[in-house]
Structure formats: C-alpha cells, structure tokens
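If you want the building blocks of each chain, they are given just below.
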Amino acid sequence: MASAFILWLAVCLSGSWAVDRGNFKTCDQSAFCKRQRALKPTESPYRALLETMELTNTRLTLQLINDNNKVRLLLELYRLQGNITRVKINELKPLKPRYEVPDVLIREPPTEPLSLLSQDENGVVLSLGADSQRVIVSARPFRLDIMEGREVLMSLNSRGLLAFEHLRIRKDTQAEPEAENKEEADQTNQAEVAKEEGEKVDDGMWEETFKSHSDSKPNGPSAVSLDFSLPGVEHVYGIPEHADTLRLKTTDNGDPYRLYNLDVFQYELYNPMALYGAVPVMLAHNAQRTTGIFWLNAAETWVDISSNTAGKTVFGKMLDYVQGSSETPQTDVRWISESGIIDVFIMLGPTAKDVFSQYASLTGTQSFPPLSSLAYHQCRWNYNDQEDVKAVDMGFDEHDIPYDFIWLDIEHTDGKRYFTWDPHKFATPKEMLQGLMDKKRKMVAIVDPHIKVDSSYKIHNEIRSRGYYIKNKDGGDYEGWCWPGSAGYPDFTRADMRSWWASMFAYDQYEGSMENLYTWNDMNEPSVFNGPEVTMHKDATHGDWEHRDVHNLYGFYVQMATAEGQIQRSGGVERPFVLTRAFFAGSQRYGAVWTGDNAAEWDHLKISIPMCLSLGLVGISFCGADVGGFFKTPSSELLVRWYQTGAYQPFFRAHAHLDTPRREPWLFGPENTALIREAVRQRYTLLPYWYLQFYHTHRTGEPVMRPLWVEYPQDPATFALDDEFLIGRDLLVHPVTEEGARGVTAYLPGKNEVWFDVNTFQKHNGAQNLYIPVTMNSIPVFQRGGSIIPRKLRVRRSSTCMEHDPYTLYVALNPQRTAEGELYIDDGHTFNYEKKEFVHRRLSFVSNILSSVDLAPDAQFTTPSWIERVVILGASKPSNVTLKTADGQESQLEFDFDSSMSVLTLRKPGMNAGADWTVTLK
C-alpha cells in the first residue's frame, strides 16, 4: 500500500502543474445545485400564515406553508443591535434536528424591540427603529421587503426562489425484491413517495456518485435556497475564496460561485471554482449605501448573481440615460446550500465601515498579531536540515536583509508524524531554535490535521483510544490518504478533541518546541488525496451530524484549537501566530490566511491583490500570497516585482515548491538582491504603521488592506479598481504587476485631496489618473495629504531588534495645511494591551503646531523610544522651530528646508514617543 501511495504521489507531483478541473464538480454535477438551479423565477409556492404570527419584545415568528406539498416552515425575524436584521427559516416539525452552525458567532446577538406598525390580510409592517426603516412581510406569496422611507433596500423571495427541501423518510413499502427486480422496485417506491408529497424524485436525491465515489445521503434531499434583490446596486463583493476580480461577476452564463473548502492543485484564475476557504458574506455598494448579507451555513454553497445592467457597455448606459430609460439598476443574488437551515444576517450599513462593525459584532475581529509576524517570513518546501536552516539564516545576515521567521514544511517531521522532528535531519531542534532566539528570530513548523495511522505514533494512539477520529458511514474510524499515507482525521467539531489538541502544544508534550516556535495548519479543508474532490466523503460522521453539514467549518476549528494551544502553553500570556489555508466566517479571530498554491506567473501576482482585498472586506485582514509563486520558477523580474508587491500586503512570506530551484533573495545576482533588500527594508520601516492598522482592525473590524471605494464611497471610478489599494486610509499602493512595464497608471482619489509620492515627495492632485514611469526599483506608493505616518528608519536584522529604536514622523499636509495620525506602542507580543499596557497617541498638525496628545490617559506603559526626525511634506520655510515638552521646557530645533519640493526636515528633536509635546513653526 505504501509503495502504491508513493507511486501515485509521484504522478501527482510531476504533472503539468495545472488544475484538473475534472476532479471538481460543476453545478450540473452537484445534484442539489442542479436541482435548485432548475427552479426559475416565478410566483413563490410559499405563503405566510398570518394567523400564526407571534410578536414578542425580541422576535417575530410566523409559519409559512408550501402550497405544493403542504410542508410548513417556521420563520423567525429579529431586529439586532447595530442596524442588523436576522432572518431564520427552519422546518416547523423536522423529522430530526437540522444543523445550525455553532461557535462562529461570538455571542447570541443582542436584540432590539420590534414594533408592529400595521397589519391586514395581505401582510404586516414592522418598525426597525431608526431612520424610518421597516420590514414588510407580504403573505401571498411570501416576501420580505426592507425599506427606508420610500426606498427598498433589499427584498427576500421577490423572485420566488425560496426552496426548503424538508427531511423525509425514504419509503420502501414493498417487501425486499429479488435481486434482478430490486432496481425497478426501488424506482417504483420512490415514485409513489414523490406522488404522495407532490414532488418529483430526481437522480441524486437519495444517493449520488461522482467519478468513483458514492455519497449515500441517508437523510435524503435537504437543500435550502433563498433569493435577495438589491435595487440600485451594480457592484457586489466578497464571498471569498475565489481567484477572481474584486467586483463579483454575474453568473447567468456559467456556474455560480462555489463555497466549498477544497485542496485545489494550482488553481485557475478568473473563474468561480471553490478554493481553500469559504466566507459566506457579500457586500453590496452604490454611491448612497453599503449593505451586507451573511449567510450562516457551513455546507456546500453556491451563489448565483444576476444583474439587469450586466453586459451593458458604457455607451449603452449613456444611451439609456439620453433616451430617458427608467430602469433602475438591480443585482439579484441567490444562495443555495446543501443542508442546514436558512440563517441570514442582513447588515444595513449605511456605510461600509458600519457594515464592517456590524459583521465584527457577530463574528469578532481580526486577532491582534505579534508585531514580528507582520515582518518578513522565509519559507520553502523544505529546508533540508538544521545546517540548511543555519546557512539560510546566516545568508540573510551576510546580505543585510532582515527577516523574522523561517519556516519548516512537512519534511521536518519524523515520517510525516506531526509534533515530531526527523531524528537525523533535525536531531536537536531546541539548539536550532535557541540559535534563532539569540538573533531575536523565530520559526514556524507545520502541523497538519491528518494523522498517520501508526500504532507506534503517540498522537494517533491517543486520538484513537479517546474515540476522537471522524467516523465513516459504517461507524469505523474514517481513513484516507494524505502526506503520511493512510491517515485518520480528528473530529475538531468536538470541544473535547480541540481541548486535547491544544494541550499537545505544551512544551512538555511537543518535544523540541520552545516559545519562539509557531504553527502552520495546512491541508485542513480537509485534504483527502483519495477522497471525492480531494476531500472527505460527505456521509462521514461527526457524532450526530454528517460531514456535509459541517464541511466548511473544519479548517476554522483546526486553527481555533491550534491558536488556543499556543495561548495555553504560555499560561495565557503570549499572543499566538497560526497560519491556516482553510477558513470560514470567524477565522479572523485565530490568525492569518494565505491564498494557497499559486504559481510563478504574472497573472497570479496580479490576482493576489483582489483575493486579499476580498478577504479583508469580510473580516480577514491578515492575508498574503506566496511571494514568487509556489509552483514553477519565477524570472528574476517577476520575483523582484512580487517582493515589491508582497512588502505592501498584510502577510509577507516567500514560499516555493519542493521541485523548484532554490530562490533565497541573494541567488539572482547582486542587482536583484539589492532590489529585494530594498523592498524588504521598506516593509520594516513601515512596521509601526502596519502595527497601528492591525490594532485598529482588532478594535473595529475595518480592513487593513482595503479597496479605494471604502474610503471614497461616492466615487464610481473606485468601485471596480483592484490593481491598487489602500493600507489603512493614508497609504495608496499601485504595485507593478506587468512584465516589462515601463510605466503604470494609478488612480489618485479625492477631488479636493493631494497625494505625495513617498519616494520623491512630489505632490499630486487627487481625482486623476496619474501615469508613473517606472524602473525595476519603483514601487508606486503615495501618502495622503492630511496624514501623519510613523516609521522606523534604522532597519536591523529582525523587528524585535528594532523594538526600542526611534521613530521618524512623516507629516503630509493637505490643502488646508493640516494633518493627523496616530502612534501605537505596546510590548509587541503579549495580551497585556488588554490590561491597558500600551501607548496610544494622537498626532496632529494644525495652525503650524505639531502636537502629540494621549488618546488613552488611563493606559500604563512606558517606552524608551523617541522621535529622532520629523519630515513635513508640503511645508513652507519657517524662521524658527520651537519644541515644548510636557514639563514646560522649550528648545529650538535644527531644520533643513528643500524649497524645490517644499519639504521641511526637523532633525533630532529627541522627545519621548510616549510623552506630550508640541512643535511650533514660526
């Protein structure tokens, strides 16, 4: 068996390095999707039974009936705090409980009172509180409309596509037939059952096959579906993970977007195929409002998008306008899930930042990472042994390139047994880790959730003896092929399993581990090499539930348990760092994600931008792509451009496949080494700003890397841009992602704003497309006029070495000659910030006075860091500059003024970064 596995694996790894689409289902090959998509917009068979309505202080309940089969559903409607409406639909009396997603919401969402405004035989009108918002429940056919004044914000079931496949008994009423007549008898019985229930029996309702795999479907058909109409909307975003544009496309002429966590080997670009993670959240935006839909369902899900303006050219839209066409733009969205219930949160904004806050109130915010994890990470599959690790570490020092983390992939283990080390290649892991710690560096080692079936392996024996493995449909432990060969899969949906897994990260359990060892969870979709679609059989079981019910949660739970293990090993003191490939809504609470197995191709570099932007919009800010591409070999030009792009994305890691040539940054000649060094150093100088942005996203849910439309919501020119982005609100980045580029055109937003090139300090007006000539050392980055950005210019071998170094403030003045910003400092690695141990300063420039004011006067933290330089862009030359410190002392500061660029530099002001002070220009 082992030799067969190795042969099969060799065939996989030596292939053409392109996705085999035949391994993954289309909608037509997914029985429930095909069945539901065959339903076309029509008058809904569902009506509301108004006589069953009950209205309490916290919710409305109402029965719905399907007039075709007489099955009743229960509608629950909640008004939640923060301008959110929740709609739940379940069977009134299901044969057995249907799965409702646990653990994703951070709490039971607090409600606000619903009040009845009016009621008649046609429906009811309820108040949603502020801004004359109300929900109209129409009875026949059933429909929900959410309105503000006379404007319809969103409609549910307006196209009649609500569908709810009720659980039923498969009725085999005849005696067991003889073998030759069994198939015919089964078909007869199913037809009789269908006639009873007024429904057609289709292939795939009770059993489904894909390639050589069979899905037994013991519960029969159980799909749910609901349509949403968005009047006035042409732009929708979100529902990652897909290798596609930021603005979602219509799906009328192809497959819907699929949400089903899968291990996709070198994925294709610009299509709706499922990838490694699934976040069922969509944002809709126009110049007046941003709204969101959160479809809380962990089963396989497909999302159809249609629009009445799809395909119209700009000229066609202008012609409509000239001819007085009254058609209002509208986008229609339909969600289809294989099982579970309908549980949807409608986030009513009205601004994008309101939607971020609303979603964060439901699923939490991005975890606040250790500062070092925002620096540069060096990885490949695999560093060969301890000597190799040492040589790479020394190579960074010899070439004066900083890094913080070096990574070990699966080959570091003893035969793919996780929580172990290869006894020959990594014989003394603590010695290796101590060597890194002496340089204030860290390591990440991979720990995957497939466990080698081996009676001599402690982890396997513990899981099996405790009964923690997922079961197959017959009740035995589920086994599949993955990197170790035959593997079992722990049931991370169990709290006791997660608790045990967390305990395995204790220093006395994970032999060879130290406090500077962190974790990478890969293959956690879960990946099953010999399973259907390279994942787990849907009829495997997690206690009372089938895998089909929980599939998209598996990676979420693996990362949750791993992060908890890192926290526990330090006694709750240290913040964790865990990278995951699979994810779901709420995964932001547990660490970082990356975009998976990309390729060394220019289009893969380009797609990293919209992929990370889409993740940020749905709460997952800590995102990055493998720098250089995982598969294939990049040209030196592509590698340099990828470093320049990755340096301005939240998670910054180079990674490469086992079969690719080595590509440490110094292996491409001295000129390219210098270019890569400069890109990495730029990342390190900006770490104070990155850390501030992660503090903000941890507090608010606003994305770190964000589309321009978030900050410029009324500017249609920004709505579909995805080749440039903002970091926070003050840095605009337009990476060079075209081969052989000699120039790029960046859109600078803001009609009354100015932007400063961070390299030349040249000022440019907003609301223009700016052509920028580029060379190989160009990274087009602009600072917004009106902002103050802190940097650390003394770049050292790691971020920890820079902890107490001084700051330089870059003050970019707007046309009103004002600016503001913030500075945030804490210890960079513990949870002590939750105890108010931090510095948080407001920096402002008004009326020629630059000042630092405490934003958290009740916080207690001291820093030895000081301000060593202030650079003011767009300044006038002063006659003198006076510093006044908190104790009242005044001193004159030295300064230089570049009149050609209007740049004023204050040298060695020397005030403490955590103190009150003012600098006055006269």
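All figures in this text were calculated on a predicted structure; none of them were measured in a lab.

Side note on the overall build of the protein chain
Across its full length, the protein chain carries 16 helices and 53 strands. Taken over the C-alpha trace, the protein chain has a radius of gyration of 29 Å; the compact-globule value for 922 residues is 29 Å, and the two agree within 12%. Along the first, second and third principal axes, the C-alpha atoms of the protein chain reach 100 × 75 × 50 Å. Burial analysis of the protein chain (922 residues in total) assigns 62% to the buried set. Residue pairs in contact within the protein chain that sit at least 24 positions apart in sequence constitute 72% of those at least 6 positions apart.

Some words on the packing of aromatic side chains
Within the structure shown, the criterion is met by 50 aromatic pairs. Ring geometry for F405 and F577: centres 5.6 Å apart, planes at 45°, overall tilted. With F405 in strand β22 (residues 405–408) and F577 in the loop between α11 (554–569) and β30 (578–580), this pair connects stretches of sequence that are 172 residues apart. This pair shows no difference in class: F405 is buried, exactly as F577 is. Measuring from centroid to centroid gives 5.9 Å for F622 and F651, while their planes differ by 90°, and the two rings are edge-to-face. One end of the pair, F622, is in the loop between α12 (602–617) and β32 (623–624); the other, F651, is in the loop between α13 (636–646) and β34 (652–654), with 29 residues separating them in the sequence. Both residues of the pair, F622 and F651, belong to the buried class. The rings of F405, W407, Y518, W520, F577, W594, F622, F651 and F694 are connected pair by pair, giving a single aromatic cluster. Of note, R653 hangs over the ring of W520, and the distance from its end group to the ring centre comes to 4.7 Å. Looking at R683, its charged tip hangs above the ring of W690, at a distance of 4.3 Å from the centre.

Section: the sheet that holds strand β39 (residues 754–757)
Across the sheet, which stays open at both edges, the six strands sit in the order β35-β36-β37-β42-β39-β40 with antiparallel pairing between neighbours. Two strands bound the open sheet, and with one partner strand each, they are β35 (705–706) and β40 (763–765). Two strands pair when backbone bridges link them, and β35 and strand β36 (residues 725–727) are joined in this way by two bridges, in the antiparallel orientation. The residue of β36 that forms the bridge with M705 is I727.

Re the UniProt feature "domain: Glycosyl hydrolase family 31 C-terminal" (unreviewed entry) in the protein chain
In the numbering used here, UniProt assigns the "domain: Glycosyl hydrolase family 31 C-terminal" (unreviewed entry) feature to residues 701–789. In this annotation, residues 701–789 is assigned 4% helix and 38% strand; the end-to-end C-alpha distance for the span is 21 Å.

Regarding the state of the cysteines
Here the structure, examined in full by the defined rule, presents two disulfides. Here C27 is linked by a disulfide to C33, with a sulfur-sulfur distance of 2.0 Å. Judged by the torsion about the S-S bond (-100°), the C27/C33 disulfide is left-handed. A relative accessible area of 1% places C27 in the buried class. Assigning the bonded cysteines of the protein chain consecutive numbers by sequence position, one obtains the connectivity 1-2, 3-4. The structure places no disulfide on C379, whose sulfur is separated from the nearest cysteine sulfur, that of C623, by 16 Å. What makes C379 buried here is its relative accessible area of 2%.

Here we look at the pairing of strand β47 (residues 849–854)
Two elements, strand β46 (residues 839–846) and β47, share six bridges in a ladder whose sense is antiparallel. When the bridges of β47 are listed, L843 appears paired with S852. As paired elements, β47 and strand β53 (residues 917–921) share four bridges and run antiparallel to each other. Counterpart to L850 in the pairing with β53 is V919.

Describing the side chain of Q566
Position of Q566 relative to the elements: it lies in helix α11. Given a relative accessible area of 1%, Q566 falls into the buried group. A polar atom in the side chain of Q566 sits 2.8 Å from the backbone nitrogen of F577. Aside from chain neighbours lying at most four places away, what touches Q566 is F505, Y518, T519, P576, F577 and V578.

A short note on the nonpolar core
Formed by 176 residues in total, the largest nonpolar core has its most connected members in F294, W501, F577 and Y643. The element contributing the most residues to this core is α12, with nine residues. Those residues in contact with F577, other than ones at most four positions away along the chain, are P370, S373, H377, F405, W407, V444, Y518, T519, Q566, A592, F622 and F651. Ranked by size, the runner-up nonpolar core spans 50 residues in total, among them L50, L73, L77 and M154.

Focus on the UniProt feature "domain: Glycoside hydrolase family 31 TIM barrel" (unreviewed entry) in the protein chain
With numbering aligned to this structure, UniProt lists the feature "domain: Glycoside hydrolase family 31 TIM barrel" (unreviewed entry) at residues 367–691. Across residues 367–691 one finds 34% helix and 14% strand; the C-alpha atoms that close the span lie 12 Å apart.

Brief notes about the sheet that holds β34
The strand order across the open sheet built from nine strands is β32-β31-β30-β27-β23-β22-β21-β34-β33, with neighbouring strands paired in parallel fashion. With partners counted over all chains shown, the strands left at the sheet margins are β32 and β33 (626–627), one partner each. Both strand β21 (residues 376–378) and β22 contribute to a ladder of two bridges, which runs parallel. Looking at the pairing, H377 lines up with F405 of β22. Here helix α7 (residues 429–438) sits on the sheet and contacts β22, β23 (442–446) and β27 (517–521); the angle it forms with β23, its principal contact strand, is near 140°.

Some details on the pattern of salt bridges
Within the structure shown, the criterion is met by 61 salt bridges. Residue R258 pairs with E300 through a salt bridge whose shortest N-O separation is 3.0 Å. Of this pair, R258 sits in strand β15 (residues 257–259) while E300 sits in the loop between β17 (290–295) and β18 (301–307), and the two are 42 residues apart along the sequence. E300 matches R258 in its accessibility class, with the two residues each being buried. Connected via shared salt-bridge partners are D215, R258, E300, E338, E533, K538, E546 and R548.

Observations regarding unusual backbone geometry
Geometrically, the link from P240 to E241 is a cis peptide bond, its omega value of 25° lying close to zero. The topology assignment puts E241 in the loop between β14 (235–238) and β15. P350 follows G349 through a cis peptide bond whose omega is 15°. Within the fold, P350 resides in the loop between β20 (342–347) and α5 (352–363).

Side note on the packing of α13 against helix α14 (residues 670–685)
α14 packs onto α13 with a crossing angle of 10° between their chain directions and a minimal axis gap of 8 Å. Regarding the angle of α13 to α14, the classification is roughly parallel. Facing α13, whose interface residues are S636, L639, V640, Y643, Q644 and G646, α14 presents N672, L675, I676, A679, V680 and R683. In the contact of α13 with α14, the residues fall into seven nonpolar, four polar and one charged.

Side note on helix α8 (residues 458–466)
Two residues of an α-helix separated by three or four positions point the same way, owing to the 3.6 residues in each turn. Within α8, the full set of buried residues consists of I459, H460 and I463. The buried residues of α8 occupy an angular sector of 95° when the element is viewed end-on, so they sit on one face. Buried residues belonging to α8 abut β24 (451–452) and α9 (495–503). After α8 finishes, the residue G467 shows a positive phi value of roughly 75°.

About the thresholds
Residues numbered from 1 in each chain as written. Predicted model: local features only at pLDDT ≥ 70, side-chain atom pairs only at ≥ 80, totals over all residues. Heavy atoms only, no water. Helix = DSSP H or I, 4+ residues; strand = E, 2+ residues; numbered from the N terminus. Rg over C-alpha atoms; globule rule 2.2 N^0.38 Å. Buried < 20%, exposed > 50% of the residue type's maximum accessible area, 1.4 Å probe, protein only. Contact = heavy atoms within 4.5 Å. Phe/Tyr/Trp six-rings, centres within 6.5 Å; stacked < 30°, edge-to-face > 60°. Lys NZ or Arg CZ within 6 Å of the ring centre and 35° of its normal. Pairing = 2+ DSSP bridges. UniProt positions renumbered as here; feature names shortened; annotations may be inferred. Disulfide = S-S within 2.5 Å. Polar contact = N/O pair within 3.5 Å; in protein donor to acceptor, adjacent residues only side chain to side chain. Core = buried A, V, L, I, M, F, W, Y, C linked by side-chain atoms within 4.5 Å. Axes fitted to C-alpha atoms, helices over the stretch in contact; angles between N-to-C directions. Salt bridge = Lys/Arg side-chain N within 4 Å of Asp/Glu carboxyl O. Parallel < 35°, antiparallel > 145°, perpendicular 65-115°, else oblique. Nonpolar A, V, L, I, M, F, W, Y, C, P; charged D, E, K, R; others polar. Arc of directions from axis to C-beta.

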